[in-house]
Amino acid sequence: MSTPIKVAVVYYSSTGTIAEVSKQIAQYAEKAGAEVRLRKAAELAPQEAIDSNDAWAANAAATADIPEATPADVEWADAVIFGSPTRFGNVTSQLKQFIDTLGGLWAQGKLADKVYSGFTSSSTTHGGQESTLLALYNSFHHFGGIVVAPGYTDPAKFADGNPYGTSHVDAQGNNPVNQATRDAARVQAERIVRITTALKAGLAAA
């Protein structure tokens, strides 16, 4: 029996939408046969800001047991799936700050030849989901990584409508994660596991 591939799901979530999607992706990756680490980026906002928003405070409490991501989690992984809500069409400062800690691994070439992908959410339908993922993917090119997007490779992707990665419109918390988003998460997770397994087998045989 072959050794399962290793997948790290690294996310930032304030009010919980991305936290829920990350759990879905992690669960589907495990069902597809991967060994998975679910990790969150460290919070940078002051406690008073978190306490001022009931959903933010509730999510912080609900995810308190999820370990914070470290560079070692990325080094460990064969594939890394990053998640971030949209902030002005870009990734959050919390996730960007974590990515910026990976410079040491990058300098040693330890970020290269891994599979990378991403997922996101926004309050509105045209709220910057695609630009957030494309901005995230810029970093992967600098890593020397292999970007694997879900594309329109499954009928489920025509429901969430984003070929760059799983995305969800939460309408400021009024639209909880739905079946279309769960299906998109499944497609992305299964594709990551399948492609990474094939790539790892090919590299081993080379």
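Before reading on, note that the structure itself is shown above.
A brief look at the structure comes next.

### What about the side chain of Ser167?
Line of reasoning, step 1. Considering the arrangement of structural elements, one finds Ser167 in strand E6 (residues 167–169).
Line of reasoning, step 2. Engagement of the side chain of Ser167 in a polar contact is seen with the side chain of Asn162, the distance being 3.2 Å.
Line of reasoning, step 3. Non-local contacts of Ser167, meaning those with residues more than four positions away in its chain, are made with Thr120, Gln129, Asp160, Asn162 and Thr181.

### Here we look at the environment of Thr17
Line of reasoning, step 1. Inspection of the secondary structure puts Thr17 in helix H1 (residues 17–31).
Line of reasoning, step 2. Sequence separation between Thr17 and Val177 is 160 residues, and the spatial gap between their C-alpha atoms is 6.7 Å.
Line of reasoning, step 3. Once residues lying within four places of it in the same chain are set aside, the contact partners of Thr17 are Ser121, His168, Asp170 and Val177.

### Thoughts on the side chain of Thr92
Line of reasoning, step 1. Examined against the element boundaries, Thr92 turns out to sit in the loop between strand E3 (79–85) and helix H5 (93–100).
Line of reasoning, step 2. Residue Thr92 is classed as buried on the basis of its relative accessible area, which comes to 1%.
Line of reasoning, step 3. In this view, Thr92 contacts Tyr12, Ser84, Pro85 and Arg87; residues no more than four positions away in its chain are not counted.

### So, the packing of H1 against helix H9 (residues 179–205)
Line of reasoning, step 1. Two elements in contact, H1 and H9, have axes separated by 8 Å at closest approach and are oriented at 45 degrees. As judged from the angle between their axes, H1 and H9 are oblique. Considering how the two elements wind past one another, H1 and H9 form a crossing that is right-handed. Together, Val21, Gln24, Ile25, Tyr28 and Ala29 of H1 and Thr181, Arg182, Ala185, Arg186, Gln188, Ala189 and Val193 of H9 make up the contact between the two elements.
Line of reasoning, step 2. Grouping the amino acids of the contact of H1 with H9 by side-chain chemistry returns seven nonpolar, three polar and two charged.

### Remarks on the environment of Gln94
Line of reasoning, step 1. Its location among the elements puts Gln94 in helix H5.
Line of reasoning, step 2. For Gln94, a relative accessible area of 8% gives the class buried.
Line of reasoning, step 3. Put simply, Gln94 and Ala41 are 53 residues apart on the chain and 6.2 Å apart in space, counted from C-alpha to C-alpha.
Line of reasoning, step 4. Aside from chain neighbours lying at most four places away, what touches Gln94 is Tyr12, Ala41, Ala42, Glu43, Leu44 and Ala45.
Line of reasoning, step 5. For Gln94, the side chain forms a polar contact with the side chain of Tyr12, separated by 3.3 Å.
Line of reasoning, step 6. Side chain to side chain, Gln94 and Ser93 meet in a polar contact 3.3 Å long.

About the cut-offs
- Residues numbered from 1 in each chain as written.
- Predicted model: local features only at pLDDT ≥ 70, side-chain atom pairs only at ≥ 80, totals over all residues.
- Heavy atoms only, no water.
- Helix = DSSP H or I, 4+ residues; strand = E, 2+ residues; numbered from the N terminus.
- Polar contact = N/O pair within 3.5 Å; in protein donor to acceptor, adjacent residues only side chain to side chain.
- Contact = heavy atoms within 4.5 Å.
- Buried < 20%, exposed > 50% of the residue type's maximum accessible area, 1.4 Å probe, protein only.
- Axes fitted to C-alpha atoms, helices over the stretch in contact; angles between N-to-C directions.
- Parallel < 35°, antiparallel > 145°, perpendicular 65-115°, else oblique.
- Left-handed = near helix turned anticlockwise from the far one by under 90°.
- Nonpolar A, V, L, I, M, F, W, Y, C, P; charged D, E, K, R; others polar.

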